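Structural description and commentary
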There are 2 protein chains.
Amino acid sequence: MPQGKPLVVPDDGLTTRQRRNRPLLAVHTGEMKGKSTAAFGMALRAWNQGWSVGVFQFVKSAKWKVGEENAFRALGALHESSGQGGPVEWHKMGEGWSWSRKPGSDEDHAANAREGWAEIKRRLAEERHDFYVLDEFTYPLHWGWIDTAEVVAALRDRPGRQHVVITGRNAPDELIEAADLVTHMTKVKHPMDAGQKGQRGIEW
Amino acid sequence: MPQGKPLVVPDDGLTTRQRRNRPLLAVHTGEMKGKSTAAFGMALRAWNQGWSVGVFQFVKSAKWKVGEENAFRALGALHESSGQGGPVEWHKMGEGWSWSRKPGSDEDHAANAREGWAEIKRRLAEERHDFYVLDEFTYPLHWGWIDTAEVVAALRDRPGRQHVVITGRNAPDELIEAADLVTHMTKVKHPMDAGQKGQRGIEW
């Protein structure tokens, strides 16, 4: 259990309050499930603070994580109807980005991924959300579809107080370097190793 | 991204469907945050399936994780009012267990923890919930307040299809042994190392 006490007090000229309120860039990487799941758990706290939550899923299939999506859409609707929590936007690459007029092309995932990042970059500049989940965003970086240096620069220079959580395997070193919080999800044991297939309510 | 394909097909006499629907015992351990957060992310999927979710927090302070608690209480209320998702119960040791007539004693955390486990054991026998989060439950096991062998036996013999996720550092070996899915959350980098204190919406 974290005690809320920093190990060192940095000589950065900031007050504790300024330092406390710095926007966070978190990366969840490693080979084990739990990377996205933990990001969505963090988003629950953001929602509870009344923050605007924006989720951007860089996934091909719409099947996985539909549970989290439905729950967050319900929380977003609750905000609309009763003012509880914050607003929620949930965007998926797999079905074509919702802001895009053209449907997602099966042929050019790289172009779809780049379009997603371009929109996120615009939103960061506009301070559109308080809390971003860029789910499975490490893949287009790892595959070279999107330039990691450009992403790191845009994140470093983002205005205001926008928290960003990026998930996925093979997070590039420059991203790890730039992040404030990095967690590696390590597999100790997984039921698929024992021949169990994914199941409803657990994997999706 | 999991492909849903098992690495081996075990010789256990079960059909794929039977094997698929086996209830899961998951353990999230390791020194890094994300253990509980990922468990609550899993609970979102359970809620979305209409499952009964029971959360039991073996924590002393009520401050941490209030974001997740509020979000899940909102989802539970949404179930009550509109039938969306499943019912949610959220119980905390810190304030005295809600089913208990006596307030939690500051003097005897061990007795409080044992009382929490006794109730969970009763509920498992009654198949009260579909999805249990036993948050920070490894601590009373690690400290010897609750007998790990008894917990493992009760979990192994639980009837029906009840999924259980246990979180916390120092998970005992027998529990790891008994679990189907074990994830270790490893710290790569944490902002508290750089002198940043915990902040609202991020840590709670």
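Refer to the structure printed above.
Everything quoted here is computed from the prediction, not taken from an experiment.

On a plain count of helices and strands, chain A comes out with 7 helices and 6 strands. Taken from the N to the C terminus, the helices and strands of chain A come in the order α-β-α-β-α-β-α-β-α-α-β-α-β. Here chain A, with 204 residues, has 53% of them falling under the buried criterion. Across chain A, contacts joining residues at least 24 apart in sequence account for 76% of those joining residues at least 6 apart. Total accessible area on chain A stands at roughly 8700 Å², and carbon and sulfur atoms take up 48% of it.

The next point concerns helix α4 (residues 109-126) of chain B. Residue and element names in this part refer to chain B. For α4, built from 18 residues, the straight-helix expectation of 26 Å at 1.5 Å per residue is met to within 8% by its first-to-last C-alpha distance of 26 Å. Inspection of α4 places A110, N112, A113, E115, G116, W117, E119, I120, R123 and L124 among the buried residues, and these make up the whole buried set. Those residues of α4 that are buried are in contact with β2 (53-57), β3 (88-92), β4 (131-135), α5 (138-142), α6 (148-156) and β5 (163-167). Looking at the residues trailing α4, positive phi occurs at E127, about 55°.

Turning to the nonpolar core, a few remarks are in order. Here is a general trend for soluble globular proteins: nonpolar side chains tend to be buried in one another's company. If you look at the biggest cluster of nonpolar residues, it comprises 51 residues, and the most contacted ones within it are A:F131, B:F72 and B:F131. Beyond its immediate chain neighbours, meaning those up to four positions away, B:F72 contacts A:L44, B:F40, B:A43, B:L44, B:V88 and B:W90.

The next subject is the side chain of B:S36. All names here are of chain B. One can find S36 in helix α2 (residues 35-48). Since its relative accessible area comes to 8%, S36 is described here as buried. Here S36 is in contact with K65, D135, E136 and T167, once residues within four sequence places are set aside.

Okay, the sheet that holds strand β1 (residues 25-29) of chain A next. Strand order across the open sheet formed by 12 strands is β3(A)-β2(A)-β4(A)-β5(A)-β1(A)-β6(A)-β6(B)-β1(B)-β5(B)-β4(B)-β2(B)-β3(B), with mixed pairing between neighbours. On the outer flanks of this sheet lie β3 (88-92) of chain A together with β3 of chain B, each paired with one strand and no other. On average, each strand axis in the sheet is tilted by 15° relative to the strand beside it, whichever way the strands run. As paired elements, β2(B) and β3(B) share 5 bridges and run parallel to each other. Bridge assignment links B:V55 to a residue of β3(B), and that residue is B:W90. Contacts between helix α2 (residues 35-48) of chain A and the sheet are confined to β1, β2 (53-57), β3, β4 (131-135), β5 (163-167) and β6 (181-189) of chain A, with β4(A) contributing the most and set at about 165° to the helix.

Attention shifts here to the pattern of salt bridges. A full pass over the atoms with the stated rule returns 20 salt bridges over all chains. Measuring nitrogen to oxygen at the nearest pair gives 2.9 Å for the salt bridge that ties B:R45 to A:E68. Of this pair, B:R45 sits in helix α2 while A:E68 sits in helix α3 (residues 66-82), which puts the two residues in different chains. The pair formed by B:R45 and A:E68 is uniform in burial state, with each residue classed as buried. Across the pair A:E119 and A:R122 runs a salt bridge whose closest N-O atoms are separated by 2.7 Å. Taken together, the positions of A:E119 and A:R122, both in helix α4 (residues 109-126) and 3 residues apart, correspond to about one turn of that helix. For A:E119, a relative accessible area of 7% gives the class buried. Judged by relative accessible area, which is 43%, A:R122 ranks as partly exposed. Through salt bridges with shared partners, a single ionic network connects A:E89, A:E119, A:R122, A:R123, A:E126 and A:R128.

Let us look at unusual backbone geometry. All names here are of chain B. Residue E127 is not a glycine yet carries a positive backbone phi of 55°. Of note in this structure, E136 is not a glycine but carries a positive phi near 65°. Relative to the helices and strands, E136 is located in the loop between β4 and α5.

Across the interface, α2(A) lies against helix α3 (residues 66-82) of chain B with an axial gap of 8 Å and an inter-helix angle of 80°. Taken together, the axes of α2(A) and α3(B) lie roughly perpendicular to each other. Facing A:G41, A:L44, A:R45, A:W47 and A:N48 of α2(A), the residues of α3(B) in contact are B:V66, B:G67, B:E68, B:N70, B:A71, B:F72 and B:A74. Partitioned by chemical class, the residues of the contact of α2(A) with α3(B) number 6 nonpolar, 4 polar and 2 charged.

Residues and elements named next belong to chain B. Counting buried positions along β4 gives 5 out of 5 residues, so the element sits mostly inside the fold. As paired elements, β2 and β4 share 5 bridges and run parallel to each other. Residue V55 lies in a different strand from β4, and its bridge partner there is V133. Two strands pair when backbone bridges link them, and β4 and β5 are joined in this way by 4 bridges, in the parallel orientation. Residue pairing in the sheet places Y132 in a bridge with V164 of β5.

What counts, and where the lines are drawn
- Residues numbered from 1 in each chain as written.
- Chains lettered and ligands numbered in written order.
- Predicted model: local features only at pLDDT ≥ 70, side-chain atom pairs only at ≥ 80, totals over all residues.
- Heavy atoms only, no water.
- Helix = DSSP H or I, 4+ residues; strand = E, 2+ residues; numbered from the N terminus.
- Buried < 20%, exposed > 50% of the residue type's maximum accessible area, 1.4 Å probe, protein only.
- Contact = heavy atoms within 4.5 Å.
- Areas by Shrake-Rupley, 256 points an atom, 1.4 Å probe, with all protein chains shown as cover.
- Expected span 1.5 Å × (residues − 1).
- Core = buried A, V, L, I, M, F, W, Y, C linked by side-chain atoms within 4.5 Å.
- Pairing = 2+ DSSP bridges.
- Axes fitted to C-alpha atoms, helices over the stretch in contact; angles between N-to-C directions.
- Salt bridge = Lys/Arg side-chain N within 4 Å of Asp/Glu carboxyl O.
- Parallel < 35°, antiparallel > 145°, perpendicular 65-115°, else oblique.
- Nonpolar A, V, L, I, M, F, W, Y, C, P; charged D, E, K, R; others polar.

No statement about biological role is implied by the geometric values presented.
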